[in-house]
Amino acid sequence: MRIRADILGDLARTMEAEHRAGQRATTAGMRRAAAGLQADWRGQVTGAGLGQRLARTIRSRVYPDRPSLNAAAMVWTRAPTIVEAFERGVTIRSRSGFWLAIPTEAAPKGRRGGRITPGEFERRTGQRLRFVHRRGQPSLLVAEGRVSGAGRYAVSRSKTGRGRASVVVFLLVPQVTIRKRLGLLAAAIKRGEQLPYEILQEWREGGFL
């Protein structure tokens, strides 16, 4: 049986067009799924009260940059240790086996707005921290100074001692338990299950089906 050359040409062009349509739909569907998962994760982080700063560490990317039937996506965080702790729930203990120093509201901010450590506090303020043991309660690290209008510790410049007080800068605890507050893996599995429908939707919206 002979098939005319023009019919074969039309068939080849149709197959090529379908191939390109599949590439575009697959990549577009993968982008939609990746963007959706990124939004899911960021929403979980902010919904758990962990703040916009941590939420912004969650990124996504689709590979390759061109349309492809083998398109793949990656969604990740630039703060994996912190995010994993809230994903799994962990108990944190001091590496030295002694105490964890938890800054109070009166503690000044550390570098780049993070939590200050006892060593950094003493270097920055020139004030020595004093240990106060409390039986049955968290022990304290206190410093002599004053509390500013913003409620933060400040070095007292008073020569008479007026306004000076022992300010609680750190609470000392043997360990801290972080409860599970995120369900990122479950969200990823759900998005993976929806991926074929995302690709099909892109195929339809693109007029390929």
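Placed above this text is the structure.
Just so you know, these numbers come straight off a predicted model, no measurement behind them.

> Give me the lowdown on the pairing of strand β8 (residues 165-173), citing residues and values where you can.
Two elements, strand β4 (residues 100-103) and β8, share four bridges in a ladder whose sense is antiparallel. From the neighbouring strand, isoleucine 102 faces β8, where its bridge partner is leucine 171. The pairing of strand β6 (residues 139-147) with β8 spans seven bridges and is antiparallel. Within β8, the position partnered with glycine 145 by the bridge is alanine 165.

> For the environment of glutamate 87, give the residues involved together with the corresponding values.
Note on placement: glutamate 87 falls in helix α3 (residues 80-88). Sequence-wise, glutamate 87 and isoleucine 178 are 91 residues apart; in three dimensions their C-alpha atoms are separated by 9.7 Å. Apart from residues no more than four positions distant in its own chain, glutamate 87 is found in contact with Lys180, Leu182, Gly183, Leu184 and Leu185.

> Describe the nonpolar core, and please don't skip the residues or the numbers.
The biggest cluster of nonpolar side chains holds 25 residues, and the ones touching the most others in it are Trp41, Val45, Leu50, Leu54, Val75 and Leu182. Breaking this core down by element, the ones donating at least two residues are α1 (5-47), α2 (52-55), β1 (58-63), α3 and α5 (184-205). Ranked by residue count, the leading element in this core is α1, at seven residues. Excluding its chain neighbours within four sequence positions, the residues that come into contact with valine 45 are Leu50, Gly51, Leu54, Ala55, Ile58 and Leu182. Listed in part, the 13 residues of the second largest apolar core include Val155, Val167, Phe170 and Leu172.

> Can you lay out the packing of aromatic side chains for me, pointing to particular residues and giving the numbers?
In this structure the tally under the stated criterion is three aromatic pairs. For the ring pair tryptophan 99 and phenylalanine 131, a centre distance of 6.5 Å and an interplane angle of 45° mean the geometry is tilted. Of this pair, tryptophan 99 sits in the loop between β3 (90-93) and β4 while phenylalanine 131 sits in strand β5 (residues 130-132), and the two are 32 residues apart along the sequence. A relative accessible area of 38% places tryptophan 99 in the partly exposed class. By way of ring pairs, the aromatic residues Phe121, Tyr153 and Phe170 are connected into one cluster.

> Lay out the layout of surface pockets with the relevant residues and their values.
Of the pockets and cavities examined, the largest pocket occupies roughly 1,300 Å³. Taken together, 30 residues form the lining of the largest pocket, with Ile82, Ile102, Pro103, Gly114 and Arg115 sitting closest to its centre. Elements represented by at least two residues in the lining of the largest pocket include exactly α2, α3, β4 and β9 (175-178).

> Now, about helix α4 (residues 118-125): what can you tell me, with residues and values included?
An α-helix turns once per 3.6 residues; consequently, residues spaced three or four apart project the same way. Every buried residue belonging to α4 is among Glu120, Phe121 and Thr125, and all of these are buried. Around the axis of α4, the buried residues are gathered within 110° of arc, so they sit on the same side. Two residues or fewer after α4 comes glycine 126, characterised by a positive phi angle close to 75°.

> Summarise α3; cite the residues concerned and give the values.
Residues of α3 that are buried include every one of Val83, Ala85, Phe86 and Glu87, and no others. Contacts made by the buried residues of α3 are with α2, β2 (72-77), β3, β9 and α5. Glycine 89 occupies a position one or two residues after α3 and carries a positive phi of about 85°.

Cut-offs applied
- Residues numbered from 1 in each chain as written.
- Predicted model: local features only at pLDDT ≥ 70, side-chain atom pairs only at ≥ 80, totals over all residues.
- Heavy atoms only, no water.
- Pairing = 2+ DSSP bridges.
- Helix = DSSP H or I, 4+ residues; strand = E, 2+ residues; numbered from the N terminus.
- Contact = heavy atoms within 4.5 Å.
- Core = buried A, V, L, I, M, F, W, Y, C linked by side-chain atoms within 4.5 Å.
- Buried < 20%, exposed > 50% of the residue type's maximum accessible area, 1.4 Å probe, protein only.
- Phe/Tyr/Trp six-rings, centres within 6.5 Å; stacked < 30°, edge-to-face > 60°.
- 1 Å grid on protein atoms, 1.4 Å probe; cavity = no way out; pocket = protein on both sides within 12 Å on 5 of 7 lines; lining within 4 Å.
- Points joined across faces, edges and corners; volume = space filled by probe spheres on them.
- Arc of directions from axis to C-beta.

What is shown is where atoms sit, not what they do.
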